[in-house]
Amino acid sequence: MKKEILGICFDDLSRQEAVQAGAALLSEDKFHYVVTPNPEFILAAEKDGEFRRVLNEADLVLADGVGVVYSAKIQGTPLKGRVPGIEFAADMLSCLNETGGRLYLLGAKPGVAEEAGRRILERCPNITLCGTQDGYFKDDEAVLLKVAAARPDLLFVCLGAPKQEKWMARWGKHTGARLAIGLGGALDVFAGRVERAPESWQKLGLEWAYRLAKEPRRAGRMAKLPLVLVKAAGRRIKRS
Ligand code: UDP
């Protein structure tokens, strides 16, 4: 079931349900893409109609951050919980490992996707890493041809938002992949270049605070987040 939160229609799924839905998409012989919006996406999509359309046309729209879950609650349309993109990605890797499928990693700085791939294969030895490409390319079509030639089943697209979502919507169906997922900085995490918050912080919904403490340069980006909560409150007041 979809729930609209400040213009974005989220799938109201638990992590377990999201895994089942993702596995079903991965088993179908056609292209699908998944997006993992956080509050920054919601604000950007307000001003960028193409971004909003591309998010709403995705096969799965997962609530990546606790900010989305709070906004949903404040707005009066609560979600079952958050489904962090990085966890959904790890679950899809486990599914792919079961079938021995092919994985392509697109994005991040040169060398990061290779290192991420090496570490993923240590945990999922049945996966074939069929290609990697850094995210600082100029020629979309050349990269598309490279990805398609590698014949991936699962494609991680980690170019930052909204670039990665627009790339998947524009080029995804030509890659031959069954499932593409837009995952922001996930390759940096898989490569061990960026640490996730400890589980205790994640459980408290404080992953953002941990990240801010580790990377204070994100303060400008994160300062916008309370605005989403205020907008959600505004929506609720208007409706009542
Ligand atoms: N990135 C990229 N190409 C670009 C811009 C960014 O590959 O043109 C990568 C960047 O190296 C990083 C990821 O995209 O690995 C985006 O990280 P960001 O911090 O924006 O995403 P978040 O961590 O918030 O999901």
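Residues numbered from 1 in each chain as written. Predicted model: local features only at pLDDT ≥ 70, side-chain atom pairs only at ≥ 80, totals over all residues. Heavy atoms only, no water.

**Some details on the sheet that holds strand β8 (residues 179–182)**
Inference 1: An order of β4-β3-β8-β7-β5-β6 is seen for the six strands of this open sheet, with the pairing classed as parallel. Bordering the open sheet on either side are β4 (60–61) and β6 (128–133), each of which pairs with just one other strand.
Inference 2: Direction of pairing for strand β7 (residues 154–158) relative to β8: parallel, over a ladder of four bridges. Bridged to V157 within β8 is G182.
Inference 3: The sheet strands contacting helix α5 (residues 85–99) are β3 (32–35), β4, β5 (102–107), β7 and β8, and the helix crosses β7 at an angle near 160°.
Inference 4: Relative to β5, helix α6 (residues 112–123) is tilted by about 150°, and along the sheet it contacts β5 and β6. (Pairing = 2+ DSSP bridges. Helix = DSSP H or I, 4+ residues; strand = E, 2+ residues; numbered from the N terminus. Contact = heavy atoms within 4.5 Å. Axes fitted to C-alpha atoms, helices over the stretch in contact; angles between N-to-C directions.)

**Some words on empty space enclosed by the protein**
Inference 1: What the rule picks out here adds up to one cavity of 30 Å³ or more.
Inference 2: Taken as a whole, the largest cavity spans an internal volume of roughly 30 Å³.
Inference 3: As for the largest cavity, its lining consists of D11, D12, L13, A63, L79, K80, G81 and V83.
Inference 4: When the residues that make up the lining of the largest cavity are grouped by side-chain class, the tally is four nonpolar, one polar and three charged. (1 Å grid on protein atoms, 1.4 Å probe; cavity = no way out; pocket = protein on both sides within 12 Å on 5 of 7 lines; lining within 4 Å. Points joined across faces, edges and corners; volume = space filled by probe spheres on them. Nonpolar A, V, L, I, M, F, W, Y, C, P; charged D, E, K, R; others polar.)

**Digging into the site of the ligand**
Inference 1: Among the 15 residues in the neighbourhood of the ligand, the closest are listed as G135, Y136, K163, D188 and R211.
Inference 2: The side chain of Y136 places a nitrogen or oxygen atom 2.8 Å from an oxygen atom of the ligand.
Inference 3: Take G185: an N or O atom from its main chain is 3.1 Å from an oxygen atom of the ligand. (Near = heavy atom within 4 Å. Polar contact = N/O pair within 3.5 Å; in protein donor to acceptor, adjacent residues only side chain to side chain.)

**Concerning α6**
Inference 1: End to end, α6 covers 17 Å across 12 residues, agreeing with the expected 16 Å (1.5 Å per residue, within 8%).
Inference 2: The set of residues buried in α6 consists of V112, A113, E115, A116, G117 and I120.
Inference 3: Turning to α6, the residues buried within the fold contact α5, β5, β6 and α9 (186–190). (Expected span 1.5 Å × (residues − 1). Buried < 20%, exposed > 50% of the residue type's maximum accessible area, 1.4 Å probe, protein only.)

**Comments concerning the pairing of strand β2 (residues 8–11)**
Inference 1: Inspection of the sheet shows strand β1 (residues 2–5) paired to β2 by four bridges, in the antiparallel sense. Looking at β2, one finds that I5 is bridged to I8.
Inference 2: Joining the antiparallel neighbours β1 and β2 is a turn of two residues, in which L6 adopts a positive phi near 50°.

**Side note on unusual backbone geometry**
Inference 1: In this structure, the amide linkage connecting A161 to the following residue, P162, adopts the cis form with an omega of 5°.
Inference 2: Along the chain, the position of P162 falls in the loop between β7 and α8 (163–171).
Inference 3: For A108, which is not glycine, the phi torsion reads 70° and is therefore positive.
Inference 4: Take A108: it is sitting in the loop between β5 and α6.

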